[in-house]
Amino acid sequence: MSASNTFSKAELVTAISVSFGAAAVGVLIYKTFCNKDKCVKPKVNLDLQKDNPKVVHAFDIEDLGDKAVYCRCWRSKKFPYCDGAHAKHNQETGDNVGPLIIKRKEA
Ligand code: FES
C-alpha cells in the first residue's frame, strides 16, 4: 500500500468528526423544520378546485346510465370522470390506482 492511499490517525478522526457533525446538523434541521405541524405532507389532490375546502361530487343514481367511470387517482382532466390519466401516473410512480366503474346489472 502506498503512502498516498493511507490516512493518518488525525485525518481519520477529523473525517469521522465532520461526518457526525454533518449528521447532527441534518437531524437538527429536520427536527426544526419538519415536525408534525410544519412538515409538508404529500397531497392526493394536486390542483383540482384548490379554493374549495373539500371537493365533493354527487350524482343521482337514476342519471348514471348503463355505466359510469370515476377517477380515483385525481389526475384526470375530466375529473371526477376517468380519462385514463391513471396509466401515466402508475407508470411514473409505480402506483397501482385505477377508476371506480359503476355498471347497471344486465337483466
Ligand atoms: Fe384517474 Fe383514471 S384518470 S382513475
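This is a predicted model, so every value here is computed, not measured.

### So, the confidence of the model for the chain
For any part of a model where pLDDT is low, the fine detail of the predicted coordinates should not be relied upon.
Working step 1: Here the chain averages 87 in pLDDT, while 91% of its residues score no lower than 70.
Working step 2: When the elements of the chain are averaged for pLDDT, helix 1 (residues 9–33) gives the smallest value, 81, and helix 2 (residues 85–93) the largest, 97.

### Focus: a nonpolar patch on the surface
Working step 1: Together, Phe7, Leu12, Ile16 and Phe20 line one region of the surface with nonpolar side chains, adding up to about 470 Å² of accessible area.
Working step 2: Considering the arrangement of structural elements, one finds Ile16 in helix 1.
Working step 3: Given a relative accessible area of 42%, Ile16 falls into the partly exposed group.

### Looking at the nonpolar core
Working step 1: Judged by nonpolar contacts, Leu48, Val55, Cys71, Cys73 and Phe79 together constitute the single largest core of five residues.
Working step 2: In contact with Cys71, other than residues within four places in its own chain, are Ser76, Phe79, Pro80, Tyr81 and Cys82.

### With respect to the side chain of His86
Working step 1: Note that His86 resides in helix 2.
Working step 2: Look past the residues within four positions of His86 in its chain and what remains in contact with it is Cys73, Val97, Gly98 and Pro99.

### Considerations on the environment of Lys50
Working step 1: On the secondary structure map, Lys50 appears in the loop between helix 1 and strand 1 (67–70).
Working step 2: Expressed as a C-alpha distance, the spacing of Lys50 and Cys39, which sit eleven residues apart in the sequence, is 19 Å.
Working step 3: Not counting chain neighbours up to four residues away, the residues in contact with Lys50 comprise Lys43 and Asn45.
Working step 4: Here the side chain of Lys50 touches Asn45 through a polar contact of 2.8 Å, landing on its backbone oxygen.

### Section: unusual backbone geometry
Working step 1: A cis geometry characterises the amide bond from Phe79 onward to Pro80, with omega recorded as 15°.
Working step 2: With respect to the element layout, Pro80 can be found in the loop between strand 1 and helix 2.
Working step 3: Phi angles above zero are rare outside glycine, and Gln49 is one such case at about 45°.
Working step 4: Residue placement: Gln49 occurs in the loop between helix 1 and strand 1.

### Some remarks on the packing of aromatic side chains
Working step 1: The tally for this structure, following the rule as stated, stands at four aromatic pairs.
Working step 2: A ring pair is formed by Phe59 and Tyr81, whose centres lie 5.9 Å apart and whose planes are at 50°; its orientation type is tilted. Residue Phe59 is located in the loop between helix 1 and strand 1, and its partner Tyr81 is located in the loop between strand 1 and helix 2; the two are separated by 22 residues in the primary sequence.
Working step 3: Judged by its relative accessible area of 37%, Phe59 falls in the partly exposed class.
Working step 4: These aromatic residues form a ring-pair network of at least three members: Phe59, Tyr70 and Tyr81.

The rules behind each value
- Residues numbered from 1 in each chain as written.
- Predicted model: local features only at pLDDT ≥ 70, side-chain atom pairs only at ≥ 80, totals over all residues.
- Heavy atoms only, no water.
- pLDDT = per-residue confidence, 0-100.
- Helix = DSSP H or I, 4+ residues; strand = E, 2+ residues; numbered from the N terminus.
- Patch = residues over 30% accessible without salt bridge, like charges linked within 9 Å, V, L, I, M, F, W, Y side chains within 5 Å.
- Areas by Shrake-Rupley, 256 points an atom, 1.4 Å probe, with all protein chains shown as cover.
- Salt bridge = Lys/Arg side-chain N within 4 Å of Asp/Glu carboxyl O.
- Buried < 20%, exposed > 50% of the residue type's maximum accessible area, 1.4 Å probe, protein only.
- Core = buried A, V, L, I, M, F, W, Y, C linked by side-chain atoms within 4.5 Å.
- Contact = heavy atoms within 4.5 Å.
- Polar contact = N/O pair within 3.5 Å; in protein donor to acceptor, adjacent residues only side chain to side chain.
- Phe/Tyr/Trp six-rings, centres within 6.5 Å; stacked < 30°, edge-to-face > 60°.

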